[in-house]
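Below, each chain spelled out in residue letters.
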Amino acid sequence: MQPGFSLRIHNRLLELDRIADAVEVFGEAHGLPHKLRFKIRLVLDELLTNIINYGYCDNGDHVVRVSMGQDGSRLRFVLEDDARPFNPLSAKSPDFETSVADRKIGGLGIHLVRVIMDRVAYERVGGTNRLILEKDID
Amino acid sequence: MQLVEKENDGITVLELGGRLDSNTSKVLEDKVMELLGQGKKQVLMDFKEVDYINSTGLRVLLLALQQLKKIQGRLVLSTIKDYMKEVFEISGYTEIFPIYATQEEALAHFS
């Protein structure tokens with residue numbers, strides 16, 4: 001695993017700007033194309049937005065740890081939080097067969113994560129949600 | 001997020017810029033609601049200057065489309081940057097939205 005980096009963000013949506021900056025720095029360091037940087041930023045944004053908006057039962061300050069690294073032709077991202085247990089892999093995908101009028105407004109974020117990433121694994125360790133995301137690169 | 005509203009022969013053109021995300025999409029949603037309140041039915045959203053969108057932004061587009069369809073209105077999109085197009089595809093939006101490469105082509109859709 002080549003050295004990547006990790007950062008800790010607080011449970012506030014404005015912290016997502018720091019993620020956007022971090023993905024740019026990571027993408028630059030690893031020579032990733034613009035399109036891939038966008039997708040990585042989107043995936044992390046969707047997951048962190050869910051954690052920040054819905055993960056906590058209190059109004060307190062919480063920290064989410066985000067790690068980014070590369071292992072050969074594989075990019076790996078790890079999210080660790082102390083929010084309530086939530087496995088994004090158990091969420092239902094939107095039903096694309098329904099008509100526009102009836103299409104549900106929701107579930108899209110997790111769908112994007114699943115389609116964009118090549119592997120997603122979830123584990124609950126002690127009081128921590130750990131989500132491991134991998135994306136193969138050429 | 002930047003939003004410039006123009007009228008072009010009965011079509012409301014919203015030229016969008018910046019980010020359409022969880023912090024900013026409400027601005028667009030409020031604008032859509034305002035247009036619906038004014039009885040506007042023909043809407044074009046130009047994404048030429050938009051450099052980021054997430055599912056919150058995408059949701060506002062679906063909401064706008066659903067509301068406009070209810071009143072036999074139309075919503076057309078244009079000028080989405082190449083690197084973002086795939087996300088519109090993954091979301092199924094290329095099936096439900098008319099999407100054009102330029103604002104001019106999108107305007108022609110209404111005629």
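Residues numbered from 1 in each chain as written. Chains lettered and ligands numbered in written order. Predicted model: local features only at pLDDT ≥ 70, side-chain atom pairs only at ≥ 80, totals over all residues. Heavy atoms only, no water.

Of the regular secondary structure elements, chain B holds 5 helices and 5 strands. Taken from the N to the C terminus, the helices and strands of chain B come in the order β-β-α-β-α-β-α-α-β-α. Computed over the C-alpha atoms, the radius of gyration of chain B is 13 Å, within 12% of the 13 Å expected from 2.2 N^0.38 for a compact globule of 111 residues. Across its three principal directions, the C-alpha atoms of chain B cover 30 × 25 × 25 Å. Taking contacts inside chain B between residues at least 6 apart in sequence as the whole, the part at least 24 apart equals 68%. When the accessible surface of chain B is totalled, it reaches about 4900 Å², and 48% of it is carbon and sulfur. Each charge sign in chain B was given a centre, from 13 positive and 17 negative side chains, and these centres are 5 Å apart. (Helix = DSSP H or I, 4+ residues; strand = E, 2+ residues; numbered from the N terminus. Rg over C-alpha atoms; globule rule 2.2 N^0.38 Å. Contact = heavy atoms within 4.5 Å. Areas by Shrake-Rupley, 256 points an atom, 1.4 Å probe, with all protein chains shown as cover. Lys, Arg positive; Asp, Glu negative; His and termini not counted. Charge placed at Lys NZ, Arg CZ, Asp CG, Glu CD.)

Moving on, we come to the interface of chain A and chain B. Of the residues lining the interface, 25 residues belong to chain A; the matching set on chain B comes to 23 residues. Across the chain A to chain B interface the summed buried area is about 2300 Å²; carbon plus sulfur atoms make up 63%. Taken together, chain A and chain B are joined by 3 salt bridges. Of the charged contacts in the structure, one is a salt bridge between E86 of chain B and K35 of chain A, with a shortest N-O distance of 3.1 Å. On the surface where chain A and chain B come into contact, there are 8 residue pairs in polar contact (both at pLDDT 80 or more). When residues of the side of chain A that touches chain B are traced back to their parent elements, those giving at least two are α2 (34-54) and α3 (108-116) of chain A. (Buried area = accessible area lost by both parts, 1.4 Å probe. Salt bridge = Lys/Arg side-chain N within 4 Å of Asp/Glu carboxyl O. Polar contact = N/O pair within 3.5 Å; in protein donor to acceptor, adjacent residues only side chain to side chain.)

Residues and elements named next belong to chain B. Contact pair helix α1 (residues 25-37) / helix α2 (residues 55-70): the axes reach a minimum separation of 9 Å and the direction vectors enclose 10°. The orientation of α1 relative to α2 falls into the category roughly parallel. For the pair α1 and α2, contact is made by S25, L28, E29, V32, M33 and L36 and by T56, G57, V60, L61, L63, A64, Q67 and L68, respectively. The residue makeup of the contact of α1 with α2, split by class, is 9 nonpolar, 4 polar and 1 charged. (Axes fitted to C-alpha atoms, helices over the stretch in contact; angles between N-to-C directions. Parallel < 35°, antiparallel > 145°, perpendicular 65-115°, else oblique. Nonpolar A, V, L, I, M, F, W, Y, C, P; charged D, E, K, R; others polar.)

All names here are of chain B. Two strands pair when backbone bridges link them, and strand β2 (residues 11-20) and strand β3 (residues 42-53) are joined in this way by 8 bridges, in the parallel orientation. For R19, the partnering residue across the bridge sits in β3 and is Y52. Read as a crossover between parallel neighbours, the route from β2 over α1 to β3 is right-handed. Bridge count between β3 and strand β4 (residues 74-78): 5 bridges; the pairing is parallel. Bridging from a neighbouring strand, D46 pairs with S78 of β4. (Pairing = 2+ DSSP bridges. Right-handed = clockwise from strand over helix to strand, strands pointing away.)

A separate point is the sheet that holds β4 of chain B. Residues and elements named next belong to chain B. An order of β1-β2-β3-β4-β5 is seen for the 5 strands of this open sheet, with the pairing classed as mixed. Edge positions in the open sheet fall to β1 (2-8) and β5 (99-100), since each of these has one partner strand only. Relative to the sheet, α1 contacts β1, β2 and β3, its axis offset from that of β2 by approximately 170°.

The next point concerns the environment of T79 of chain B. All names here are of chain B. If you trace the backbone, T79 turns up in the loop between β4 and α3 (82-90). Using a relative accessible area of 18% as the deciding quantity, one classes T79 as buried. Expressed as a C-alpha distance, the spacing of T79 and A106, which sit 27 residues apart in the sequence, is 9.0 Å. Non-local contacts of T79, meaning those with residues more than four positions away in its chain, are made with D46, F47, K48, Y100, A101, T102 and Q103. Engagement of the side chain of T79 in a polar contact is seen with the side chain of S78, the distance being 2.9 Å. (Buried < 20%, exposed > 50% of the residue type's maximum accessible area, 1.4 Å probe, protein only.)

Residues and elements named next belong to chain B. With phi around 60°, Q72 is a residue other than glycine that occupies positive phi space. Of note, Q72 is situated in the loop between α2 and β4. Residue Q72 is classed as exposed on the basis of its relative accessible area of 64%. Although it is not a glycine, T79 adopts a positive phi angle of roughly 60°.

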